[in-house]
Amino acid sequence: MLDKLKIKWVYAISAIFIVLNSIFIINELYWFCLIPVILLILLFLFFSVDILLLLIVFFTPLSVNLSDFDLNVGVFIPTEPLLFCVMLMFLFSIAFRGRYDSKIFKHPISVIIIIYITWIFITSITSSMPVVSFKFLVSKLWFIIPFYFLGIQLFKEQKNFKRFIWLYMIAFCVVIGYTIYNHSIYGFDEQSSHWVMSPFYNDHTSYGALLAMFIPFSFAFIFNKKESKSIRVSSLFVFILLCVAVVLSYSRAAWLSLAIALIVFLILKLKINYKVVIGGIIALSAVFLIYREDIYRDIEKNKQDSSKDYVKHIQSMSNISSDASNLERINRWKSALRMFKLRPVFGWGPGTYQFKYAPFQHSNEKTIISTNAGDMGNAHSEYIGPLAEEGIIGTLSMLAIVLIVIYTGVKLYKRVDTKELRLITITILVSLITYFIHGLLNNFLDTDKASVPFWGMIAMLVALDIYYPKKEAAKKNIEKKVSE
């Protein structure tokens, strides 16, 4: 009888919603349709936050920025409102329940991330534009809290590693198909490659950076013998699609990051001694310092601009004489360094670079794409940008994250004792290295497209470091006892 009563209530509420929604639609008020979606999100938020996180991963490649539609709101829909809700839920949970694994907070990567966030908070207080800086801080938190601090707990279950990657890649393949179709209309020329991925990605550089991040995963899944044949064939298809897409992106930074990531992969796979690697880097640096004037002269002779011809396009990477894209980066970097000299400790404030750098440009360094309006992006570097905005500690904290992540990844790769975990570890590390290299030339961690996989992959490494080796050791102990 109680079950029948519950069913009647379900029917009654459904009937009331249908009637009310029909009335609202007749009066051209469509927002009422969102109520079931909001209720479903709240259900996931309080009872299955892991499902909500994975849904956000899927929607990330498909999200669009409302500012692209003349709405004057710089928010990615639907991901950022969902991330904000997850962040609030986590903070309330910590404040009122206090339940969180202390091992996560004590991990070296977590410690440096907390320092990184704390310094952003401090420099937001001293900022030349506090409102802008605190908005920047909140946006950082809604990426880091859900996909790093909650992400580590999500990745306690190994199956969530693959779910995370596949959900992003499946949605990304839709965007790639859309991009390639648009690009084909313009004959796959270099100029149209800059914007054919819009509105899903800002331009070919952010699009290329994420293609580079996921190519190692699609490649690794092909050779994972624990996967089914259908998954491995699907991985091959995705790998080919991503490779075609990165070639058509004309993103030189993406190509460079993949080349360096491949070198790192070979160093790890061939077990080349780190002393040899460090010695090689020192030797190359010494050669550069000794012959720097000759190298500069040769670079200045390079007049090759961006081109549809791939060989010429690669040659244009070192063109600092006439290539507008390269010259504009140098202009932004020099402006950032001048800003840093005036405020070396606290900087101008997080997120303020684009509003403050214009007076620091020199007329002889400006290019045809330079602007004084603060509407053409930031410092084009994950390491130089913080120098201007957050001072020396801002850049050092970012570099510390990079170095500790690499150290943790290499240490973990040597320590884990199953082939599958070794494959997962090296793939995560190589994927992150593509972005670390890309960060020298661009910065996208203020967008969901890059931040979700970036912080998520770092969370994967920490989860592996904290939980998985112990699990494998426990498993071996159990097997040993059984055999005895």
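Residues numbered from 1 in each chain as written. Predicted model: local features only at pLDDT ≥ 70, side-chain atom pairs only at ≥ 80, totals over all residues. Heavy atoms only, no water.

### Brief notes about the overall build of the chain
Definition in use: Secondary structure is summarised from DSSP: a helix means a run of H or I of at least four residues, a strand means a run of E of at least two, and numbering begins at the N terminus for each. When accessible area is computed with a 1.4 Å probe and restricted to protein chains, residues below 20% of their type maximum are described as buried, those above 50% as exposed, and intermediate ones as partly exposed. In this analysis, two residues are considered to be in contact whenever any of their non-hydrogen atoms come within 4.5 Å of each other. Under the convention used here, a 1.4 Å probe and the Shrake-Rupley method define accessible areas, while residue burial counts only the protein chains that appear.
Helices and strands together make up the secondary structure of the chain, namely 20 helices and 2 strands. Relative to its 484 residues, the chain shows a buried fraction of 46%. Expressed as a percentage of contacts within the chain between residues at least 6 apart in sequence, the contacts between residues at least 24 apart total 72%. Roughly 24900 Å² of accessible area belongs to the chain as shown, and the carbon and sulfur atoms make up 69% of that amount.

### Some details on the packing of aromatic side chains
Basically, it comes down to this: The criterion for an aromatic pair is that two Phe, Tyr or Trp rings (for Trp, the six-membered ring) have centres within 6.5 Å, with stacked assigned to planes under 30 degrees apart, edge-to-face to planes over 60 apart and tilted to the rest.
The tally for this structure, following the rule as stated, stands at 31 aromatic pairs. Note on Phe155 and Phe164: the rings are 5.6 Å apart at their centroids and 70° apart in plane angle, and the pair reads as edge-to-face. An identical accessibility class is assigned to Phe155 and Phe164; each is buried. Taking the centre distance of 5.7 Å and the plane angle of 80° together, the rings of Tyr168 and Phe172 count as edge-to-face. One end of the pair is Tyr168 and the other is Phe172, both in helix 8 (residues 159-185) and 4 residues apart, which spans about a single turn. Residue Phe172 is classed as buried on the basis of its relative accessible area, which comes to 0%.

### Some thoughts on the packing of helix 3 (residues 49-59) against helix 7 (residues 130-154)
Between two packed helices, what matters for the description is the angle formed by their axes and the separation of those axes. Here is the rule we go by: Axis definition: a line fit to C-alpha positions, over the contact stretch in the case of helices; interaxial angles, taken between N-to-C directions, run 0 to 180 degrees. If an angle is under 35 degrees, it is roughly parallel; if it is over 145, roughly antiparallel; if it lies from 65 to 115, roughly perpendicular; otherwise it is oblique. Left-handed describes a crossing in which the near helix is turned anticlockwise from the far one by less than a right angle; the clockwise case is right-handed. For this scheme, ten residues count as nonpolar: Ala, Val, Leu, Ile, Met, Phe, Trp, Tyr, Cys and Pro. Four count as charged, namely Asp, Glu, Lys and Arg, and the remainder, Gly too, count as polar.
Axis separation between helix 3 and helix 7 bottoms out at 11 Å; the angle between their running directions is 125°. Between helix 3 and helix 7, the crossing angle belongs to the class labelled oblique. At the point where helix 3 passes helix 7, the crossing takes the left-handed sense. Listed contacts from helix 7 to Asp50, Leu53, Leu54, Ile56 and Val57 of helix 3 are Pro146, Phe147, Leu150 and Leu154. A class-by-class count of the residues in the contact of helix 3 with helix 7 yields 8 nonpolar, no polar and 1 charged.

### Structural notes on the side chain of Arg329
Secondary-structure assignment places Arg329 in helix 15 (residues 324-342). Those residues in contact with Arg329 that lie beyond four places of it in its chain are Thr205, His380, Leu441 and Asn442.

### Some points on the side chain of Ser63
Heads up, the rule is: Definition of a polar contact: a pair of N or O atoms within 3.5 Å, with one able to donate and the other able to accept a hydrogen when the atoms are protein atoms, and with sequence-neighbouring residues admitted only if both atoms are side-chain atoms.
Looking at where Ser63 falls in the secondary structure, it is placed in the loop between helix 3 and strand 1 (64-65). Among the polar contacts listed, one links the side chain of Ser63 to the backbone oxygen of Thr60, at a separation of 3.0 Å. The contacts of Ser63, once residues within four sequence positions are left out, are Phe76, Ile77, Pro78, Thr79, Pro199, Phe200, Asp448 and Lys449.

### What to know about a nonpolar patch on the surface
We apply this condition: Surface patches are defined over residues having more than 30% relative accessible area and no salt bridge, joining like charges when they lie within 9 Å and nonpolar side chains (Val, Leu, Ile, Met, Phe, Trp, Tyr) when within 5 Å. Basic side-chain nitrogens of Lys or Arg form a salt bridge, by our definition, when they fall within 4 Å of a carboxyl oxygen of Asp or Glu.
Together, Phe84, Leu88, Leu91, Phe92, Phe96 and Val138 make up an exposed nonpolar region whose accessible area comes to about 560 Å². Take the nonpolar patch: its biggest share by element is 5 residues, from helix 4 (residues 79-96). One can find Val138 in helix 7.

### Section: the packing of helix 8 against helix 19 (residues 448-466)
Two elements in contact, helix 8 and helix 19, have axes whose closest approach is 11 Å; the angle formed by their N-to-C orientations is 165°. Classified by the interaxial angle, the pair formed by helix 8 and helix 19 is roughly antiparallel. For helix 8 against helix 19, the interelement crossing comes out left-handed. Listed contacts from helix 19 to Phe161, Phe164, Ile165 and Tyr168 of helix 8 are Lys449, Val452, Pro453, Gly456, Met457, Met460 and Leu464. Grouping the constituent residues of the contact of helix 8 with helix 19 by class yields 9 nonpolar, 1 polar and 1 charged.

### A short note on the environment of Thr434
Among the secondary structure elements, Thr434 is positioned in helix 18 (residues 419-438). Between the C-alpha atom of Thr434 and that of Leu262, which follows or precedes it by 172 residues, the distance is 9.1 Å. For Thr434, the residues in contact, after removing those within four places along its chain, are Ala212, Met213, Ser257, Leu258 and Ala261.

### Observations concerning helix 7
Our working definition: Given the number of residues in a helix, its expected span is that number minus one, multiplied by 1.5 Å. Note that bend, as reported per residue, equals the angle between axes fitted to the 7 residues terminating at that residue and the 7 residues originating from it.
Compared with an ideal rise of 1.5 Å per residue, which puts 25 residues at 36 Å, helix 7 spans 34 Å between its outermost C-alpha atoms and is within 8% of the ideal. Along helix 7, the largest kink reaches about 35° and is centred on Ile145; proline Pro146 follows within four residues of it. Of all 25 residues in helix 7, 18 are buried; the element is thus mostly enclosed.

### Some remarks on the confidence of the model for the chain
Low pLDDT marks regions whose predicted coordinates should not be analysed in detail. Test applied: pLDDT runs from 0 to 100 and stands for how confident the predictor is about each residue.
With 79% of its residues at a pLDDT of 70 or more, the chain has an overall mean of 84. Across the chain, the secondary-structure element scoring lowest on mean pLDDT is helix 14 (residues 310-315), at 54, and the one scoring highest is helix 6 (residues 108-125), at 96.

### Re helix 17 (residues 384-415)
With 32 residues, helix 17 extends only 34 Å from end C-alpha to end C-alpha; this falls clearly short of the ideal 46 Å at 1.5 Å per step. At Glu390, helix 17 is deflected by roughly 145°, the largest bend along its length.

### Looking at unusual backbone geometry
With an omega dihedral of 5°, the bond running from Ile77 to Pro78 counts as a cis peptide bond. Tracing the backbone through its elements, the reader meets Pro78 in the loop between strand 2 (76-77) and helix 4. In this structure, the amide linkage connecting Ser198 to the following residue, Pro199, adopts the cis form with an omega of 10°. Relative to the helices and strands, Pro199 is located in the loop between helix 8 and helix 9 (204-222). Phi angles above zero are rare outside glycine, and Phe188 is one such case at about 55°. Take Phe188: it is sitting in the loop between helix 8 and helix 9.

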